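# Close look at the chain arrangement
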Amino acid sequence: MARLLKAAKLKVSAACIEDIDWRTSRGLDRALITSLASGDWIRHGRNLLITGATGCGKTWLACALAHQAVRSGFSALYVRAARLFDELQVAHGDGSFSRRLTQLAKVDVLVLDDFALSPIGAAERNDLLELLDDRVGTRSTIITSQLPLRTWHSYLNDPTLADAILDRVAHSSHKIELKVSRSMRDTGAEPKA
C-alpha cells in the first residue's frame, strides 16, 4: 500500500473518507460516498465527476477517494489537467506519446484535477479524447472542475470532439456537485470534503 500511495502522488495525501465533514451542507450524499468507498465503481470502470466552486473541497474529496482506492489495492495517479496536457505535448515532441498513453491506460483511478481552468486548444482536445478512449469502460477517471458539467460541451468548443469526449467521460458516471456558501479555505484549515 505504501508503494501504491507513493506512486499515486496525491496532492492531499492525508485525505481519507473517514475524515469527511458531514456537518457542512455541500450536497454530499452519504449513500453515494459509502458506495464509492466500496470500490465497485472502479471494478466496473465507471467515472466520477466532481464539480463546484473554488474552495469547496473537490480536490480533497478526489484525493480521499483515490486514497480509499489504493487501500483497496487499486493503483491511482493524481495530476492537474494543465500539467498533464503540457506533459503530453512534450511527449508528442520526443516520441513518447504512445508509451505515456499506455502507462496512463493502466492506472486504475486517474484523478484529473482542475479540468477547464484555462482555454483548451485543438491539441489538448485530441489528447483528452485519446486518453479517455483508452480508459473507457475499463478504468476509472475522477475529474474535478469548477465548471458545471452542463457547460463542458461549450467549453470544449468543438461539437464533434465534445460529443465524443463527453460520451466517454459522462456516460455511466457518478456525479457530485458540491455546494458551499464560502470557501472552506476561509477557515484557515485544510479543506475537507
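The present account deals with the structure reproduced in this document. What you are looking at is a predicted structure, and each value in this text was computed from that prediction instead of being measured. (Residues numbered from 1 in each chain as written. Predicted model: local features only at pLDDT ≥ 70, side-chain atom pairs only at ≥ 80, totals over all residues. Heavy atoms only, no water.)

### Some words on the overall build of the protein chain
Applicable threshold: Only DSSP runs of H or I covering at least 4 residues are called helices, and only runs of E covering at least 2 are called strands; the numbering of each starts at the N terminus. With the radius of gyration taken over C-alpha atoms, the globule rule is written as 2.2 Å times the number of residues to the power 0.38. Throughout this description, buried means an accessible area under 20% of the type-specific maximum (1.4 Å probe, protein chains only), exposed means over 50%, and partly exposed covers the range between. Note on definitions: a residue-residue contact is assigned when non-hydrogen atoms from the two residues lie within 4.5 Å. Reported accessibility uses the Shrake-Rupley method at a 1.4 Å probe radius. Residues are deemed covered only where the shown protein chains occlude them. Counted as positive: Lys and Arg. Counted as negative: Asp and Glu, with His and the chain ends omitted from the count. Where a charge lies is defined by one atom per residue type, namely NZ (Lys), CZ (Arg), CG (Asp) and CD (Glu).
In terms of regular secondary structure, the protein chain is built from nine helices and five strands. Moving toward the C terminus, one meets the helices and strands of the protein chain in the order α-α-α-β-α-β-α-α-β-α-β-α-α-β. Computed over the C-alpha atoms, the radius of gyration of the protein chain is 16 Å, within 12% of the 16 Å expected from 2.2 N^0.38 for a compact globule of 193 residues. Along the longest, intermediate and shortest principal axes, the C-alpha atoms of the protein chain span 45 × 35 × 30 Å. Residues counted as buried form 52% of the 193 residues belonging to the protein chain. Within the protein chain, contacts between residues separated by at least 24 positions form 84% of all contacts whose residues are at least 6 apart in sequence. Total accessible area computed for the protein chain in this model is approximately 9400 Å², and 50% of it derives from carbon and sulfur atoms. Taking the average location of the 26 positive side-chain charges in the protein chain and that of its 22 negative ones, the two points are 6 Å from each other.

### What to know about the pattern of salt bridges
The test is simple: For salt bridges, the criterion is a side-chain nitrogen of Lys or Arg within 4 Å of an Asp or Glu carboxyl oxygen.
This structure, assessed with the given rule, holds six salt bridges. Here Arg80 ties to Asp114 by a salt bridge, and the two come within 3.1 Å at their closest N and O atoms. Pair noted here: Arg80 is in strand β2 (residues 76-80) and Asp114 is in strand β3 (residues 109-115), with a separation of 34 residues, a long-range link. Here Arg80 falls in the partly exposed class, since its relative accessible area comes to 23%. One salt bridge in this structure joins Asp133 and Arg168, with 2.8 Å as the shortest N-O distance. Placement of the pair is Asp133 in helix α7 (residues 122-135) and Arg168 in helix α9 (residues 159-170), with a sequence separation of 35 residues.

### A closer look at the nonpolar core
Heads up, the condition is: The term nonpolar core refers to a set of buried residues drawn from Ala, Val, Leu, Ile, Met, Phe, Trp, Tyr and Cys, joined through side-chain atoms within 4.5 Å.
Residues Leu36, Leu48, Ile50, Leu61, Val109, Ile142 and Ile176 are the most contacted members of the largest nonpolar core, which totals 34 residues. Contributions of two or more residues to this core are made by α1 (2-8), α2 (30-38), α3 (40-43), β1 (48-51), α4 (58-71), β2 and β3. For this core, the leading source of residues is α4, giving nine residues.

### Some remarks on the packing of aromatic side chains
Quick note on the threshold: Two rings from Phe, Tyr or Trp (for Trp, the six-membered ring) form a pair when their centres sit within 6.5 Å of each other. Planes less than 30 degrees apart are called stacked, planes more than 60 degrees apart edge-to-face, and all others tilted.
Enumeration according to the criterion identifies two aromatic pairs in this entry. A ring pair is formed by Phe115 and Trp152, whose centres lie 5.1 Å apart and whose planes are at 65°; its orientation type is edge-to-face. Here Phe115, found in strand β3, pairs with Trp152, found in helix α8 (residues 152-156); they are 37 residues apart in sequence, far enough to count as distant. Both residues of the pair, Phe115 and Trp152, count as buried.

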